[in-house]
Amino acid sequence: MNRGKSSDETLIEMNRTAWSGGEENNGFHSGSDKETLQLEDAESTLSVESECTSAVSVCSSHSSVNVCEQCEREQTEPQQHLTSFKGIWRKRALFLKYRSRVDKQQQSKDSVYFRDGVRRIDFVLSYIEDKDGERKQDRRKEFEANLQKAGLELETEDKSESEDGKTYFLKIHVPWEVLATYADVLKIKVPFKTNDIVEKKEVPMSWLCTPYRLPEHVMQPEPDYFTATFDKSKIDFFLIEDKDTFFPPSTRNRIVYYILSRCPYSKDDKDKKGIKRLLNNGTYTAAFPLHDSRYWTRSRDANCESERYALYKYWARFSRFYKEQPLNLIRKYYGEKIGIYFAWLGFYTEMLSYAAVVGLFCFIYGLVSFDENVWSKEICNETIGGQIIMCPLCDKKCGYWKLNTTCSSSWQSYLFDNTATVFFAIFMGIWVTLFLEFWKRRQARLEYEWDLVDMEEEQQQMQLRPEYETKCTHRRLNRVTQELEWVLEQSPADKAGRFILCWATVVLWISLIIASIVGVIAYRLAVFAAFASIMKDSPTNKMDLIGNLITPQFATSVTASCINFVIIMILNFLYERVAIRITDMEVPKTHVEYENKLTVKMFLFQFVNYYSSCFYVAFFKGKFVGYPGDYSYMFGKWRNEECEPGGCLIELTTQLVIVMVGKQVWGNIQEALVPWLCNWWVSRSARKHPESLYSRWEQDHDLQGFSQLGLFYEYLEMVIQFGFITLFVASFPLAPLLALMNNILEVRVDAWKFTTQFRRPVAAKAHSIGAWDEILNMIAVFSVVTNAFIVSFTSDMIPRLVYKYVYYEVNEGMMEGYINNSLSFFNISQFKPENSPEDSENPDWFFSSNITTCRYRDYRYPPGHEKQYVHNMQFWHILAARLAFIIIMEHVVFVVKFFVAWLIPDVPSEVKARIKRERYLIQEYLHNYELEKLKIQLSQNGSNIEQCTCPTTAAAPVKLEVLSDCLT
């Protein structure tokens, strides 16, 4: 750059060349490419400005008389000329920076290898240098030095090579010696012999499943081996063909994260350790393993597996919704913990299909048997239902009404309140047992296939939470291992204080939920009278279809359900943070213990939050109403709600549909749309770069981070849904069908989200679904009780059966007169002034008729009887029948449940045989291995054989700083 030239024409020509010929020859083909080059940080901006100022120094040094020729030609002032040149040279510097990036990059940066193309990138850390970041820089320096002491190899990408021009990327490679050391520490299982057990023959008619199958290389990405715990001193015992590929990337990133979690970053305080704390204090901005390729295309590197592409192609695309899941490939890429989740979700969805089919048949039965619905015909009949005058449903603002106005709701109620309801409730009690028992078998098979059989809680104790380790101050002898281990010393008072504080917080928030539910109930009671008054003269009443559907009861139920759903979402959002905070206060020892504690707290809250409104409608609404002249009031102000003559079951169905469907729709929007929008916004400029510049680590850095509790929320969502389809399924047989449709979508949404929208999670092991298994069993038992109570007390099934077999004598099998029998009489002259409706609220036909009584839903003696308004004998017969049904149904279902659980073994016999065979082979091969080693050593020692006392098989290991407090 010639800064000393007396004429600026040379500079102008240089820039003209840069933006004309330069565009043509260096890849600037469109204006959009120029817009994407937002690469300057503070240093480059200052550099550009200094160059601009120097370049026009001749011009700016002229006096006001002797202006340079270019200024004179453009008739501009020198300062304006300076500003013009600054803009030109900013663009020039931007262009040069872009060109330098292209020239320096000899190979594509969309790679998972170091610059040498040999060492694999197992983990990436990113950070930004702050103006006042000296402390952070010291932490990074110490942290990275300790990582190198632990044997990790590091390579840094300068900020000038990043898309934003300010982010550094630290790439980490774990060499074989470190892998072998920590594989021994973490007791990782590796193959030592090919599986020699012959597979069972093909299942008959298996060709029918061909359309649902995936290619064999996708379903079985690795051969089947017998495995044993890795031992560094016996490396030649295992089937090691290539040390670079012996441990899959998921195992490699798990080992790296184990080291990162325990690596100290302070010279003065060794308790300051772990990448999580460095992320929290801003020393590093992100830490993640790399995806192996872009999801929509294979990697250009032949050595790269491109498993992400295979997962997207065969699993994450929505067009593959009918295909099986490649669970082995999921496990290989993401680790066992995520693999177990998708295995459970797929199995749950598969079992839902059976419940959905039966529920659909029950619903179809309700449609087909409409003609048998005699009581609804009576309600709609003008000569029966049209002549029955009902008592007001609220004080003052509700008038008298005719029973036939509930014709539509009565027909709707029959669709879900029929004989098939009882059958379906019993079926679901058995189905949930079959689901849990068959899942145990499926889980046992996965435990064997994924080398998780011996992964007990004792082994997981080795994987302590770094947060726990940093708070440990004392050592204690472990009675099992006879080794000293770090423990957290807490006084009994301290433990009791933490326990009381944590659970007091949980109780407080549950009380807040109950208070909100009471508020919604108060809303229902308060607005019902308003809706009744407003809708009395509403134009919709004149419409045949809408007028019969939109009633004050329906409007109150729908609006209350929507308000309740909004409250649920808000409380859920707030409590999640509280639950995490109080669980952190307890300082759980292991990750498993942490998740179990959080699971219990979250589920207790969610159980009350999501199900309380349904419990109110099912078991409380209409049960404590009183009778005309002596109504019951909430807080002495609002009169308790009544059920319609068709029963409260249809309202429970409405509540269930709104909360269940609303939660599923909101959950899918939150899971899919929000990450996609965030990623689109973050990478809006970088995604326009060519592949050679948009590096693999930058692509993953622009994705959303996967939280350590990410799977927790996925399980929670599905378990809440499981509660809806089991606890209240007697009121809505189509609930399993809705859940099935949602889960088919959920599997692909989760797959798409994991594959395309999230950074690659750190692989983790899990041999089961954890505490969720116990919660599912609890819901299964509780669902039998709730469905028995719904059939007995919420539906009209028992009163109809009692009337049919005890009180109806005309024609067996018919139900004429049931409606008249189920309604009691009240003398309207006995209404109290505060209960009596205002004259303006009563319909015109009321004044033209001589009406002395009204009807209400109950079984009481009529006015004038010596026991007027007291429950009659039929009420007690029905109550006894309801209680008897509950006892019989519970005992029948529980007996069948326990029999099925006893009949189906938790572990398949084939799996038991494989486990025994593997354990036998391990002992046999280890014995032969040690024997061969002894023979070799004896032959080498020759005449000094008498001096040999024991076989020594281990070579002198490379000394590494093993970062595991539990082993020291």
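- Per an unreviewed UniProt entry, the recorded name for the protein is Anoctamin, and the organism is Carassius auratus.
- The UniProt entry for the protein carries the following text under Sequence similarities (unreviewed entry): "Belongs to the anoctamin family."

### Let's talk about the pattern of salt bridges
(1) Moving on: For the structure on display, the rule yields 35 salt bridges.
(2) Moving on: The shortest N-O distance in the salt bridge between Arg-445 and Glu-910 comes to 3.4 Å. Note that Arg-445 is positioned in helix α19 (residues 419–449) and Glu-910 in helix α35 (residues 909–941), a separation of 465 residues in sequence.
(3) Moving on: Here the residues in one salt-bridge network are Arg-115, Glu-155, Glu-157 and Lys-171, joined through shared partners.

### Remarks on the nonpolar core
(1) Moving on: One finds Trp-344 and Trp-431 to be the most contacted residues of the largest nonpolar core, which totals 145 residues.
(2) Moving on: Once you skip the residues sitting within four places of it in the chain, Trp-344 turns out to touch Phe-435, Trp-439, Tyr-715, Met-718, Ile-769 and Leu-776.
(3) Moving on: Among the nonpolar cores identified, the runner-up in size contains 46 residues, and Leu-147, Val-185, Cys-263 and Leu-921 belong to it.

### Topic: the confidence of the model for the protein
Do not read the predicted coordinates in detail wherever pLDDT is low.
(1) Moving on: Per-residue pLDDT for the protein has a mean of 79; in total, 79% of the residues score no lower than 70.
(2) Moving on: In the model, residues 1–86 has pLDDT below 50 throughout and makes 97 contacts with residues more than four positions away in sequence or in other chains.
(3) Moving on: Contacts of residues 91–105 to residues separated by more than four positions or lying in other chains number 31 contacts, the stretch itself having pLDDT below 50.

### Brief notes about the packing of α19 against α35
(1) Moving on: The contact between α19 and α35 brings their axes to 10 Å, and the two run at 25 degrees. Considered as vectors, α19 and α35 are oriented roughly parallel to each other. When the axes of α19 and α35 are compared, the crossing they make is left-handed. Contacts between α19 and α35 involve Ala-444, Arg-445 and Tyr-448 from the former and Glu-910, Val-911, Arg-914, Ile-915 and Glu-918 from the latter.
(2) Moving on: Per-class residue counts for the contact of α19 with α35 are 4 nonpolar, no polar and 4 charged.

### With respect to a positive patch on the surface
(1) Moving on: Positive charge collects at one region of the surface, where Arg-135, Lys-272, Arg-277 and Lys-471 lie side by side.
(2) Moving on: Secondary-structure assignment places Arg-277 in helix α13 (residues 275–280).
(3) Moving on: Arg-277 sits in the partly exposed class, given a relative accessible area of 35%.

### Brief notes about the sheet that holds strand β1 (residues 123–128)
The strands making up a sheet associate through backbone hydrogen bonding, with each pair oriented either parallel or antiparallel.
(1) Moving on: Read across the sheet, 4 strands follow the order β2-β3-β1-β6 without closing on themselves; strand pairing throughout is antiparallel. Here the strands that pair on one side only, and so sit at the sheet edges, are β2 (153–157) and β6 (286–288). Adjacent strand axes in the sheet meet at a mean angle of 20 degrees, parallel and antiparallel pairs treated alike.
(2) Moving on: Bridge count for β2 against strand β3 (residues 167–173) is 5 bridges, and the pairing is antiparallel.

### Description of the state of the cysteines
(1) Moving on: Applying the stated rule across the entire model yields 3 disulfides.
(2) Moving on: Each sulfur of the disulfide joining Cys-380 and Cys-407 lies 1.8 Å from the other. As the torsion about the S-S bond is roughly 95 degrees, the Cys-380-Cys-407 disulfide counts as right-handed. With Cys-380 in helix α17 (residues 374–380) and Cys-407 in helix α18 (residues 407–416), this pair connects stretches of sequence that are 27 residues apart.
(3) Moving on: Judged by its relative accessible area of 19%, Cys-407 falls in the buried class.

### With respect to helix α8 (residues 134–149)
(1) Moving on: Taking 1.5 Å of rise per residue, the 16 residues of α8 would be expected to cover 22 Å, and the 23 Å separating its terminal C-alpha atoms lies within 8% of that figure.
(2) Moving on: Every buried residue belonging to α8 is among Arg-139, Arg-140, Glu-142, Phe-143, Glu-144, Asn-146 and Leu-147, and all of these are buried.
(3) Moving on: One or two positions beyond α8, positive phi appears at Gly-151, with a value near 105 degrees.

### Quick look at the pairing of β3
(1) Moving on: When you tally the buried positions in β3, you get 7 out of 7 residues, the bulk of the element.
(2) Moving on: Neither face of β3 is left uncovered, since the one carrying Thr-167, Phe-169, Lys-171 and His-173 and the one carrying Tyr-168, Leu-170 and Ile-172 both have all their residues buried.
(3) Moving on: Examined bridge by bridge, β1 and β3 share 6 bridges and lie antiparallel to one another. What sits directly across from Phe-123, in β3, is Ile-172.

### Structural notes on helix α9 (residues 176–185)
(1) Moving on: Among the 10 residues in α9, 8 count as buried, and that is most of the element.
(2) Moving on: Those residues of α9 that sit buried are Trp-176, Val-178, Leu-179, Ala-180, Thr-181, Tyr-182, Ala-183 and Val-185.
(3) Moving on: Here the buried face of α9 lies against α11 (243–246) and α12 (249–262).
(4) Moving on: Of the residues one or two after α9, Lys-187 is the one with positive phi, at around 55 degrees.

### Here's the deal with the packing of aromatic side chains
(1) Moving on: All told, the structure shown has 75 aromatic pairs when counted by the stated rule.
(2) Moving on: With centroids separated by 6.3 Å and ring planes inclined at 45 degrees, the aromatic side chains of Phe-607 and Phe-615 adopt a geometry described as tilted. No difference in accessibility class separates Phe-607 from Phe-615, as the two residues are buried.
(3) Moving on: An angle of 75 degrees between the planes, with centres 5.2 Å apart, marks the rings of Phe-615 and Phe-728 as edge-to-face. Of the two residues, Phe-615 is situated in helix α25 (residues 591–619) and Phe-728 in the loop between α28 (710–727) and α29 (735–757); the sequence distance between them amounts to 113 residues.
(4) Moving on: Lying over the aromatic face of Phe-825, Arg-855 brings its terminal NZ or CZ to 3.8 Å of the ring centre.

Rules used throughout
Residues numbered from 1 in each chain as written. Predicted model: local features only at pLDDT ≥ 70, side-chain atom pairs only at ≥ 80, totals over all residues. Heavy atoms only, no water. UniProt positions renumbered as here; feature names shortened; annotations may be inferred. Salt bridge = Lys/Arg side-chain N within 4 Å of Asp/Glu carboxyl O. Helix = DSSP H or I, 4+ residues; strand = E, 2+ residues; numbered from the N terminus. Core = buried A, V, L, I, M, F, W, Y, C linked by side-chain atoms within 4.5 Å. Buried < 20%, exposed > 50% of the residue type's maximum accessible area, 1.4 Å probe, protein only. Contact = heavy atoms within 4.5 Å. pLDDT = per-residue confidence, 0-100. Axes fitted to C-alpha atoms, helices over the stretch in contact; angles between N-to-C directions. Parallel < 35°, antiparallel > 145°, perpendicular 65-115°, else oblique. Left-handed = near helix turned anticlockwise from the far one by under 90°. Nonpolar A, V, L, I, M, F, W, Y, C, P; charged D, E, K, R; others polar. Patch = residues over 30% accessible without salt bridge, like charges linked within 9 Å, V, L, I, M, F, W, Y side chains within 5 Å. Areas by Shrake-Rupley, 256 points an atom, 1.4 Å probe, with all protein chains shown as cover. Lys, Arg positive; Asp, Glu negative; His and termini not counted. Charge placed at Lys NZ, Arg CZ, Asp CG, Glu CD. Pairing = 2+ DSSP bridges. Disulfide = S-S within 2.5 Å. Expected span 1.5 Å × (residues − 1). Phe/Tyr/Trp six-rings, centres within 6.5 Å; stacked < 30°, edge-to-face > 60°. Lys NZ or Arg CZ within 6 Å of the ring centre and 35° of its normal.

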